[in-house]
Amino acid sequence: LPADSGKIYIDGVPQTGDNFELAVFYNDSLRSVARPNNGIVYLYIPGHGHENKPFEFKLYDGTRELVSDLRDLNVTFVNNKYDGTLDAPKPLNFITAPYVAQIGEVRYQSLAQAFAAAQAGDEITMIDNVTEVVNITKTEAVTLDLASYTLTGSILAPNAKLTVENGNIINNDKTVSAIEINAGELALNNVNISSARHAVRIDGAVKATINGGEYTL
């Protein structure tokens, strides 16, 4: 990262210390990692075969705990496409956000991140309340355990095999239902839903099972 664009900000505050690391990933594979020098990171990114494709930058603290991440940043490669430089005219500004869900021991700052990382058969467990509209594009079977927490927002699943259980969903948006699914399978176990529109809307061939819970409009 050149000095004119490589400055690191956390929540808008410029970092001058060196007690953190910046790592870059491509398709979840670590490509490079470096510590800053007075807030500037000089990061070598091997680019062979990955030129001009989106990368993910993750910021870790001194104990290598994930602080935040920036996704889908394009990198331009030079020098025979082996040396990468970040194609960004402004500094990297990481926003620290609370973790709201986890898969196993890996924690995520949004349900969208968790669903994007989920594999077939995975269980996503919420670890805090969250406000989010969750768009599920995967068709593999995934379970969302609300774990007695509350999702304020909605779940939109065009084609999914989704199980939601043990918690609350509050939808205040009159233009969408709390849960909308068009194809696949849906199981709701002990979920309480309060919605400004439908609690659950099924438009299509869906195998649905509802066990327990309260549904109010």
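Refer to the structure above for everything that follows.
Throughout what follows, the structure given in this document is the object of discussion. These numbers come from a predicted model, not from an experiment. (Residues numbered from 1 in each chain as written. Predicted model: local features only at pLDDT ≥ 70, side-chain atom pairs only at ≥ 80, totals over all residues. Heavy atoms only, no water.)

A word on the side chain of Ser110
Looking at the secondary structure, you find Ser110 in the loop between strand 10 (106–108) and helix 1 (111–117). Looking at Ser110, its side chain comes within polar contact range of the main-chain nitrogen of Gln113, at 3.0 Å. Residues within four places of Ser110 in sequence aside, it is in contact with Val100 and Glu132. (Helix = DSSP H or I, 4+ residues; strand = E, 2+ residues; numbered from the N terminus. Polar contact = N/O pair within 3.5 Å; in protein donor to acceptor, adjacent residues only side chain to side chain. Contact = heavy atoms within 4.5 Å.)

Digging into the nonpolar core
Counting 32 residues, the largest nonpolar core has Leu111, Phe115, Ile124, Leu144, Ile155, Val164 and Ile169 as its most contacted members. Setting aside residues no more than four positions away along its own chain, Phe115 makes contact with Ile124, Val134, Ile136, Lys138, Val142, Leu144 and Leu162. If you look at the next biggest cluster of nonpolar residues, it comprises 16 residues, including Ile8, Phe20, Val24 and Phe94. (Core = buried A, V, L, I, M, F, W, Y, C linked by side-chain atoms within 4.5 Å. Buried < 20%, exposed > 50% of the residue type's maximum accessible area, 1.4 Å probe, protein only.)

Topic: the pairing of strand 4 (residues 29–34)
Inspection of the sheet shows strand 3 (residues 20–26) paired to strand 4 by five bridges, in the antiparallel sense. Residue pairing across strands places Leu22 opposite Ala34, the latter belonging to strand 4. Hairpin geometry of strand 3 and strand 4 is characterised by an intervening segment of two residues between the two adjacent antiparallel strands and by a positive phi of about 55 degrees at Asn27. (Pairing = 2+ DSSP bridges.)

Re the packing of aromatic side chains
The way to describe two aromatic rings as a pair is by their centre distance and the angle between their planes. On inspection of all chains with the given rule, the structure shows zero aromatic pairs. Over the face of the ring belonging to Phe25 we find Lys58, whose NZ or CZ atom lies 4.8 Å from the ring centre. Cation over ring: Arg107 sits above Tyr99, and NZ or CZ is 4.1 Å from the ring centre. (Phe/Tyr/Trp six-rings, centres within 6.5 Å; stacked < 30°, edge-to-face > 60°. Lys NZ or Arg CZ within 6 Å of the ring centre and 35° of its normal.)

Examining the pattern of salt bridges
The final tally for this structure, using the stated rule, is two salt bridges. Put simply, Glu21 and Arg35 hold a salt bridge, and the shortest N to O gap is 3.7 Å. With Glu21 in strand 3 and Arg35 in the loop between strand 4 and strand 5 (54–61), this pair connects stretches of sequence that are 14 residues apart. Take Glu21: its relative accessible area is 9%, and that puts it in the buried class. Measuring nitrogen to oxygen at the nearest pair gives 2.8 Å for the salt bridge that ties Arg201 to Asp203. Owing to a relative accessible area of 27%, Arg201 belongs among the partly exposed residues under this scheme. When its relative accessible area of 36% is taken as the criterion, Asp203 is described as partly exposed. (Salt bridge = Lys/Arg side-chain N within 4 Å of Asp/Glu carboxyl O.)

Points about the environment of Gly184
By the element assignment, Gly184 lies in strand 17 (residues 184–195). Among the residues examined, Gly184 registers a relative accessible area of 22% and is labelled partly exposed. Sequence-wise, Gly184 and Lys207 are 23 residues apart; in three dimensions their C-alpha atoms are separated by 6.5 Å. Each residue touching Gly184, except ones within four places of it in the same chain, is listed here: Asn159, Ala160, Ala205, Val206 and Lys207.

Here we look at empty space enclosed by the protein
Any space left empty among the atoms is revealed by the rolling of a water-sized probe across them. Scanning the entire structure with this criterion turns up one cavity of 30 Å³ or more. When its volume is computed, the largest cavity comes out at roughly 30 Å³. Around the largest cavity, the lining residues are Phe115, Ile136, Lys138, Glu140, Val142, Ala160, Lys161 and Leu162. Among the elements that line the lining of the largest cavity, the one with the most residues is strand 15 (residues 160–171), at three residues. (1 Å grid on protein atoms, 1.4 Å probe; cavity = no way out; pocket = protein on both sides within 12 Å on 5 of 7 lines; lining within 4 Å. Points joined across faces, edges and corners; volume = space filled by probe spheres on them.)

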